[in-house]
2 protein chains.
Amino acid sequence: MQPGRLVVLTGPSGVGKGSIMAHLRATRTLPCWLSISATTRPPRPGEVDGQHYFFVNEERFLQMIDRGELLEHAHFAGKRYGTPREPVEEHLRRGESVLLEIELAGARQVKIAMPEAFMVFLAPPSREELRRRLTGRGTETDEQVAARLAQADVEMAAESEFDAVIVNDDLERASTELVDLIVGRRPAGAGPAAHKRT
Amino acid sequence: MQPGRLVVLTGPSGVGKGSIMAHLRATRTLPCWLSISATTRPPRPGEVDGQHYFFVNEERFLQMIDRGELLEHAHFAGKRYGTPREPVEEHLRRGESVLLEIELAGARQVKIAMPEAFMVFLAPPSREELRRRLTGRGTETDEQVAARLAQADVEMAAESEFDAVIVNDDLERASTELVDLIVGRRPAGAGPAAHKRT
């Protein structure tokens, strides 16, 4: 059996990764297994262990790091998040493709762990549009928006590391492009290395 | 032959990683091979390719990422820096220990790539002391210092991921502690996993 394809979706904060994932879930058009993260944050009402997250304590999380059981991990607001390696590899072995939707630092860790991963960068139509989206949330101070925009500039510079670039100017088109990339239908709007694995 | 030990030294910006490295070099007491980074920045006067850095162009660097030839990589001020995997593995195979001195994001990538790495965290004596050091450089605006301090807080939270913690309150003592860890003389001031590999 041909192993599945590991696809990593990342992009700067505010670019709309979450919206695309929500759209694919709502329309039930995600053609692959979506990786489940491990986290040390407590479950929220309605969240099911092994379905929304693997809920683990700090000690177990550190053990997973130490044993190489994670493909990537990060720290946000005092809580840890990571991608367990074993379920990803199991799905790939069974011939299923797997999608990871993660931040840039995590994406780079996955690429280091599994160089065969197909790396997709979700880009804003323009820096101005990204600024508008970051400001439009209305939940953050000017300083926070400025900090996120500076961070986004750094992250945008990573675009060239990726196998494919999807410009998120239209939710539905961008979602379709991602689906096409997952099933390997076409190389799509492409970074330097886009052709070799499709 | 017993393979060498891979030791990764990291810690928040301003904690004094560079000073310790300079001290070990000046006193010729570094008991291992110090990894050489690849970079896309041009050589400065006096810098020798293959000795201070491997100088490569952007295209070659992206190829190294894509082929899994790097243990970690990062982007600073528009230039790329990374650790080639092959020289590290070659020295380890020959029974030599290897030291990497890198930023936290890179350290996590190395741990993902080589879970057997021995991870050392260099910590400031206190947050106040780190603030004093970051301010004391005098080359940065208040906003820049504040941003670095916020970044340092995030990085300090990673301490528990490490096999050993060295508090940098005294340059000479901290340097000696690092040397002891590299040669495996003792588990030293230790994180949760400090005992198992020493």
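Scroll up for the structure.
Residues numbered from 1 in each chain as written. Chains lettered and ligands numbered in written order. Predicted model: local features only at pLDDT ≥ 70, side-chain atom pairs only at ≥ 80, totals over all residues. Heavy atoms only, no water.

## Some thoughts on the relation of the copies chain B and chain A
Consideration 1: In screw terms, the move from chain B to chain A is a rotation of 180° and a rise of 0.0 Å along the axis, fitting with an RMSD of 0.0 Å. What the rotation and shift describe, once combined, is the action of a two-fold rotation axis.
Consideration 2: Comparing interface residues between copies, 100% of those in chain B also sit at the interface in chain A, which points to an isologous, same-surface contact. (Least-squares fit on C-alpha atoms with pLDDT ≥ 70 in both. Contact = heavy atoms within 4.5 Å.)

## A short note on the side chain of Thr83 of chain B
Consideration 1: Mapped onto the elements of the fold, Thr83 of chain B is located in strand 6 (residues 79–84).
Consideration 2: Look past the residues within four positions of Thr83 of chain B in its chain and what remains in contact with it is Ser35, Glu69, Leu70, Leu71, Glu72, Val88, Leu100 and Ile102 of chain B. (Helix = DSSP H or I, 4+ residues; strand = E, 2+ residues; numbered from the N terminus.)

## As for the packing of helix 5 (residues 127–136) of chain B against helix 6 (residues 142–156) of chain B
Residue and element names in this part refer to chain B.
Consideration 1: Orientation of helix 5 relative to helix 6, taken along the N-to-C sense of each, is 145°, at an axis distance of 10 Å. In the packing of helix 5 onto helix 6, the handedness of the crossing is right-handed. Counting all contacts with helix 5, which are made through Arg127, Leu130, Arg131, Leu134 and Thr135, the residues of helix 6 involved are Val145, Arg148, Leu149, Ala152 and Asp153.
Consideration 2: When grouped by side-chain class, the residues that make up the contact of helix 5 with helix 6 number five nonpolar, one polar and four charged. (Axes fitted to C-alpha atoms, helices over the stretch in contact; angles between N-to-C directions. Left-handed = near helix turned anticlockwise from the far one by under 90°. Nonpolar A, V, L, I, M, F, W, Y, C, P; charged D, E, K, R; others polar.)

## Details of the pairing of strand 1 (residues 6–10) of chain B
Residue and element names in this part refer to chain B.
Consideration 1: For strand 1, the buried fraction is high: five of the five residues fall into the buried class.
Consideration 2: Here strand 1 shows no split at all, with Leu6, Val8 and Thr10 on one side and Val7 and Leu9 on the other all buried.
Consideration 3: Bridge count for strand 1 against strand 7 (residues 98–101) is four bridges, and the pairing is parallel. Across the sheet, Leu9 pairs through a bridge with Glu101, a residue of strand 7.
Consideration 4: Where strand 1 meets strand 8 (residues 118–123), four bridges bridge the pair, whose relative direction is parallel. (Buried < 20%, exposed > 50% of the residue type's maximum accessible area, 1.4 Å probe, protein only. Pairing = 2+ DSSP bridges.)

## With respect to the interface of chain B and chain A
Consideration 1: Each partner contributes to the interface: chain B provides 29 residues, whereas chain A provides 29 residues.
Consideration 2: Taken together, both faces of the contact between chain B and chain A bury some 2100 Å²; the carbon and sulfur share is 58%.
Consideration 3: Taken as a group, Asp66, Arg108 and Ile112 of chain B account for 30% of the area that chain B buries against chain A, more than any other trio of residues on that side.
Consideration 4: Lys111 of chain A is the salt-bridge partner of Asp66 of chain B, the closest N and O atoms lying 3.2 Å from each other.
Consideration 5: For the side of chain B that touches chain A, the secondary structure elements donating two or more residues are helix 2 (58–66), strand 5 (70–76) and helix 4 (104–113) of chain B.
Consideration 6: Element by element, the count of residues in the side of chain B that touches chain A is highest for strand 5 of chain B, at six residues.
Consideration 7: Its residues assigned to classes, the side of chain B that touches chain A comprises twelve nonpolar, five polar and twelve charged. (Buried area = accessible area lost by both parts, 1.4 Å probe. Salt bridge = Lys/Arg side-chain N within 4 Å of Asp/Glu carboxyl O.)

## What to know about the sheet that holds strand 3 (residues 37–39) of chain B
Consideration 1: The mixed open sheet is built from four strands, whose spatial order is 4-3-6-5 (chain B). The open sheet terminates on both sides in strands that have one partner only, identified here as strand 4 (53–55) and strand 5 of chain B. Averaged over all pairs of adjacent strands, the angle between their axes in this sheet comes to 25°, without regard to strand direction.
Consideration 2: Together, strand 5 and strand 6 of chain B form the strand contacts of helix 4 (residues 104–113) of chain A, whose direction differs from that of strand 5 of chain B by roughly 155°.
Consideration 3: The sheet strands contacting helix 3 (residues 85–93) of chain B are strand 4, strand 5 and strand 6 of chain B, and the helix crosses strand 6 of chain B at an angle near 25°.

## Considerations on the sheet that holds strand 8 (residues 118–123) of chain A
Residue and element names in this part refer to chain A.
Consideration 1: Spatially, 2-7-1-8-9 is the arrangement adopted by the five strands of the open sheet, whose pairing is parallel. Each of the sheet's edge strands pairs with one partner strand only, and the pair in question is strand 2 (33–34) and strand 9 (164–167).
Consideration 2: With respect to the sheet, helix 1 (residues 17–26) is in contact with strand 1 (6–10), strand 2, strand 7 (98–101) and strand 8, its orientation differing from that of strand 7 by roughly 145°.
Consideration 3: Where helix 4 meets the sheet, its contacts fall on strand 1, strand 7 and strand 8, and the angle it forms with strand 1 comes to roughly 160°.

## Quick word on the pairing of strand 7 of chain B
Consideration 1: Across two bridges, strand 2 (residues 33–34) of chain B lies against strand 7 of chain B in parallel orientation. Residue pairing across strands places Trp33 of chain B opposite Val98 of chain B, the latter belonging to strand 7 of chain B.

## A few points about the nonpolar core
For soluble globular proteins, the rule of thumb is that nonpolar side chains tend to be buried together.
All names here are of chain B.
Consideration 1: Residues Leu9, Leu99, Val120, Ile166 and Leu178 are the most contacted members of the largest nonpolar core, which totals 24 residues.
Consideration 2: Of all the secondary-structure elements, those providing two or more residues to this core are strand 1, helix 1 (17–26), strand 8, helix 5, helix 6, strand 9 (164–167) and helix 7 (171–182).
Consideration 3: Counting residues per element, this core draws most heavily on helix 7, at five residues.
Consideration 4: Setting aside its immediate chain neighbours within four residues, Leu9 contacts Lys17, Met21, Leu99, Leu100, Glu101, Ile102, Val120, Leu122 and Leu178. (Core = buried A, V, L, I, M, F, W, Y, C linked by side-chain atoms within 4.5 Å.)

## Let's talk about the pattern of salt bridges
Residue and element names in this part refer to chain A.
Consideration 1: Applying the stated rule across the entire model yields 34 salt bridges over all chains.
Consideration 2: With a closest N to O distance of 3.6 Å, Glu89 and Arg85 form a salt bridge. Placement of the pair is Glu89 and Arg85 together in helix 3 (residues 85–93), with a separation of four residues, close to one helical turn.
Consideration 3: Looking at Glu89, the relative accessible area reads 24%, which means it is partly exposed.

Keep in mind these values describe shape, not function.
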